[in-house]
Every structure is written in C-alpha cells, then in structure tokens.
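Next come the chains, spelled out residue by residue.
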Amino acid sequence: MNIKDYLKRNGMTLTLLVGMIILYLCIPSQIAENMVAKATISPRFFPTFSVLGVIVCCALLLVFDAKEHIFSHKTAEAAATQEKKEEISYVRVVLVALLLLAWYILMPRIGFIISTIVIMCIMSYLLGCRNKIVLVAFPVIFTLAVYFTFVELLHVSLPEILF
C-alpha cells in the first residue's frame, strides 16, 4: 500500500480525527462541571459522548480502509474506475453542502416542514436513493418526527410558513 495514496484518500478523515481530538481536549476548559448534583448527567456528557463517537468512527474508517487496500489486489483499470467514482463523490459532497446552505436560506421564508422535506428528497436522490416510495416517505416521516419532537416535547419553536 502506498502511503501517499492512503493519505490522499483519507485526508479529510485524518483532519476530522485530529480536530475531534483537539476538541476533546478542549471540553474540560470550555464546559463547566455540574457542581450541584454529582449523580446527574453533567453538561460535559453529550459533547464528550459525541466527540468520542466521531473519533471511534474515524479510527474504524481508517483501519478498514487500510485493511481493504492491504488485502485487495486491484488492477490499474479497477484503480482508475475507483478514482473516477471518488471524483464524483466529491461533487456530491459539494452539492449536499450547497443544498444545506439553500435549506438555511429558505427555511425562514417557507418554513421548516416544507424546506426540510424538499431538501431531504433532493439530497436522498443525489446520494443514490432511487426508490420513489423511500424518496418521499422517509423525508416526510423524519421531518414530521423532528418537528413534533421539538415543538411538542421540547417546546422549541421552529420557523412556520409565512403565507
């Protein structure tokens, strides 16, 4: 396995891993420990849990990718095909980022429910989902579940339709 190719393929994962390690080290200085009751969950729990989850996922991704390339014997043609697929995936990542920006801009204007359903349908299609039932049902169910969780259970207001 060529180290240069490995670093090129996993550069973002390594960057994310280093960033999460730095963030994990910053948590104690940024979030105060709960001083009232030691038995309850402290304010550090969820940030620490999230950061550790991302660190574990990044480490597993790096190990599995290394294992795949150590034990696989690809031809030059297969490597070229894989490289072309990776270029397409970068385009998808950029499109998803632009869609999230559009969602951020549109949400105050057309409301949370409509904007989230539309953006999730488009994102699902971009990321490879071609089943029409799943393309429509998952965004609707997920959006309504998030909406009712925040509005009814947590009493957090979300942007409503303006018209």
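Just so it is clear, the model here is predicted, and its values are computed rather than measured. (Residues numbered from 1 in each chain as written. Predicted model: local features only at pLDDT ≥ 70, side-chain atom pairs only at ≥ 80, totals over all residues. Heavy atoms only, no water.)

**Q** Pulling in residues and values, what's your account of the overall build of the protein chain?
**A** The helix and strand tally for the protein chain stands at 6 helices and 0 strands. Counting from the amino terminus, the protein chain carries its helices and strands in the arrangement α-α-α-α-α-α. Put simply, the protein chain has 163 residues, and 20% of those count as buried. Here the contacts in the protein chain between residues at least 6 apart in sequence split such that 56% fall between residues at least 24 apart. (Helix = DSSP H or I, 4+ residues; strand = E, 2+ residues; numbered from the N terminus. Buried < 20%, exposed > 50% of the residue type's maximum accessible area, 1.4 Å probe, protein only. Contact = heavy atoms within 4.5 Å.)

**Q** Any details on the environment of A59? Residues and values, ideally.
**A** Position of A59 relative to the elements: it lies in helix α3 (residues 45-71). Classification of A59 by relative accessible area gives partly exposed; the value is 34%.

**Q** Go over helix α6 (residues 132-153) with me, naming the residues and quoting the values.
**A** If you check α6, its first and last C-alpha atoms are 31 Å apart, about what 22 residues at 1.5 Å a residue would give, namely 32 Å. Here α6 has its buried residues at L135, P139, T143 and Y147. Along α6, the residues classed as buried sweep out an arc of 55° about the axis, all on the same side. Exposed residues pointing more than 90 degrees away from the buried face of α6 are listed as I133, I141 and L153. The elements touched by buried residues of α6 are α5 (112-126). Between the side-chain oxygen at the start of α6 and the backbone nitrogen of I133 there is a gap of 3.1 Å, and the oxygen is on N131. (Expected span 1.5 Å × (residues − 1). Arc of directions from axis to C-beta. Polar contact = N/O pair within 3.5 Å; in protein donor to acceptor, adjacent residues only side chain to side chain.)

**Q** I'd love a proper account of the pattern of salt bridges, names of residues and values included.
**A** Enumeration over the complete set of coordinates arrives at 1 salt bridge. In this structure, R9 and D65 form a salt bridge, with 3.2 Å as the shortest nitrogen-oxygen distance. Remark: D65 occurs in helix α3 and R9 occurs in helix α1 (residues 3-9); sequence separation between them is 56 residues. For R9, a relative accessible area of 24% gives the class partly exposed. Accessibility expressed as a relative area gives 14% for D65, which makes it buried. (Salt bridge = Lys/Arg side-chain N within 4 Å of Asp/Glu carboxyl O.)

**Q** So what about the UniProt feature "transmembrane region" (unreviewed entry) in the protein chain? Which residues, and what values?
**A** Using the residue numbers shown here, the UniProt feature "transmembrane region" (unreviewed entry) corresponds to residues 12-32, 44-64, 89-106, 112-128 and 135-158. As annotated, residues 12-32 has a helix share of 90% and a strand share of 0%, and its two end C-alpha atoms lie 30 Å apart. Secondary structure across residues 135-158 divides into 79% helix and 0% strand, with the first and last C-alpha atoms of the span separated by 24 Å. (UniProt positions renumbered as here; feature names shortened; annotations may be inferred.)

**Q** Quick one: what's the story with unusual backbone geometry, residue by residue and with numbers?
**A** Phi is positive for H155, close to 55°, though the residue is something other than glycine. Note on placement: H155 falls in the segment after α6. Judged by its relative accessible area of 68%, H155 falls in the exposed class.

**Q** A description of the side chain of T48 should follow, citing residues and the corresponding values.
**A** Residue placement: T48 occurs in helix α3. The exposure class of T48 is buried, given its relative accessible area of 18%. Sequence-distant contacts of T48, defined by excluding residues within four places in its chain, comprise Y24 and I27.

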